[in-house]
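In case you want the letters, here they are:
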Amino acid sequence: MNHEPKVLFVSGIDTDAGKTYATAWLARMWMDRGLTVATQKFIQTGNCGRSEDIEAHRRLARMEPLPEDASLLTSPVVFSYPASAQLAARIDGREISLEAIDNSRILLSERYDRLIIEGAGGLMVPVTDDYMSVDYVVERNLPLALVTNGRLGSINHTVLSLEAIKSRGIELPYVLYNTYFDNDEIIAEDTFGFISRYLQRHFPHTMLLRVPVME
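The notes below deal with the structure included here. (Residues numbered from 1 in each chain as written. Predicted model: local features only at pLDDT ≥ 70, side-chain atom pairs only at ≥ 80, totals over all residues. Heavy atoms only, no water.)

1. Comments concerning the overall build of the protein
Then step 1. Along the protein, the regular secondary structure elements total 8 helices and 8 strands.
Then step 2. Its C-alpha radius of gyration of 16 Å places the protein within 12% of the 17 Å reference for a compact globule of 215 residues.
Then step 3. Judged by the C-alpha coordinates and their principal axes, the protein covers about 45 × 40 × 30 Å.
Then step 4. Looking at the protein as a whole, 54% of its 215 residues qualify as buried.
Then step 5. Long-range contacts, defined here as pairs at least 24 residues apart, represent 78% of the contacts in the protein between residues at least 6 apart. (Helix = DSSP H or I, 4+ residues; strand = E, 2+ residues; numbered from the N terminus. Rg over C-alpha atoms; globule rule 2.2 N^0.38 Å. Buried < 20%, exposed > 50% of the residue type's maximum accessible area, 1.4 Å probe, protein only. Contact = heavy atoms within 4.5 Å.)

What follows is the structure, given as structure tokens:
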């Protein structure tokens, strides 16, 4: 890969693909190279006054809490109900502020060498009825890392996500293969091999990286 992004948006092939683990692993990898790294949660649901995903980033990456965590700069939009962003916002009676997300992204990217933004669910998770997470990535021209895994059915979800990425002209520096779900060795190796071959044909500049299980 010729260019390493300063700001990276992490999305998954579905809600439970392992975005939080992959985000923390990538943060640790960059920190081990001597870079300062912040992580941000795009939209957090199922919490009140905190972000469990940001807390997981710190724990898994063996990071101390950032000064910006206490002020929720790293998780500027938090809803209480554990649902898609648009439903959680409706239940809480609040609108989703893309301006707050943007302000956090800009400030954090100025303060740290690298910023990783963990998305909410997959690319097509709705923010409103006519605005999806992928639209934010496109409008802000953010490079993307797609998190996949070896569960049965993941090839379908991965290819659909990759087609959505290609059709929108999104830069894809990484596909992150989360090994946590490698419960069936035969399926896992076949899935990894298929995704590798698919990327070589359609995304030759994208790096496919295995994300190891972290304690």
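Back to the write-up after that little detour.
2. Side note on the packing of aromatic side chains
Then step 1. Under the definition given, this model contains 7 aromatic pairs.
Then step 2. Centre to centre, the rings of Phe9 and Phe42 are 5.4 Å apart; their planes meet at 75 degrees, and the pair counts as edge-to-face. On the criterion of sequence distance, the pair formed by Phe9 in strand E1 (residues 7–12) and Phe42 in the loop between strand E2 (37–41) and helix H2 (52–60) is long-range, its members being 33 residues apart. Of the two residues, Phe9 and Phe42, both sit in the buried class.
Then step 3. Between Phe9 and Tyr136, the ring centres sit 6.4 Å apart and the planes meet at 45 degrees, which makes this aromatic pair tilted. Here Phe9, found in strand E1, pairs with Tyr136, found in helix H6 (residues 133–139); they are 127 residues apart in sequence, far enough to count as distant.
Then step 4. What makes Phe9 buried here is its relative accessible area of 1%.
Then step 5. Given the relative accessible area of 0%, Tyr136 is considered buried.
Then step 6. Aromatic ring contacts, followed pair by pair, group Phe9, Phe42 and Tyr136 into a single cluster.
Then step 7. Across the ring face of Trp30, the terminal group of Arg114 is positioned such that the distance to the ring centre comes to 5.7 Å.
Then step 8. Sitting over the ring of Phe192, Arg210 keeps its end group 3.6 Å from the ring centre. (Phe/Tyr/Trp six-rings, centres within 6.5 Å; stacked < 30°, edge-to-face > 60°. Lys NZ or Arg CZ within 6 Å of the ring centre and 35° of its normal.)

3. Observations concerning the pairing of strand E3 (residues 114–122)
Then step 1. Where burial is concerned, most of E3 is hidden: 9 out of the 9 residues are buried.
Then step 2. Pairing between E1 and E3: 5 bridges, direction parallel. Note on E3: the bridge partner recorded for Gly12 is Gly122.
Then step 3. Across 5 bridges, E2 lies against E3 in parallel orientation. Bridge pairing in E3 links Thr39 to Ile116. (Pairing = 2+ DSSP bridges.)

4. Section: the nonpolar core
Then step 1. Among the nonpolar cores identified, the biggest contains 62 residues, and Ile43, Ile96, Leu162, Ile165 and Leu176 are the most heavily contacted of them.
Then step 2. Beyond its immediate sequence surroundings of up to four residues, Leu162 is in contact with Leu146, Leu172, Val175, Tyr198, Leu199 and Phe203. (Core = buried A, V, L, I, M, F, W, Y, C linked by side-chain atoms within 4.5 Å.)

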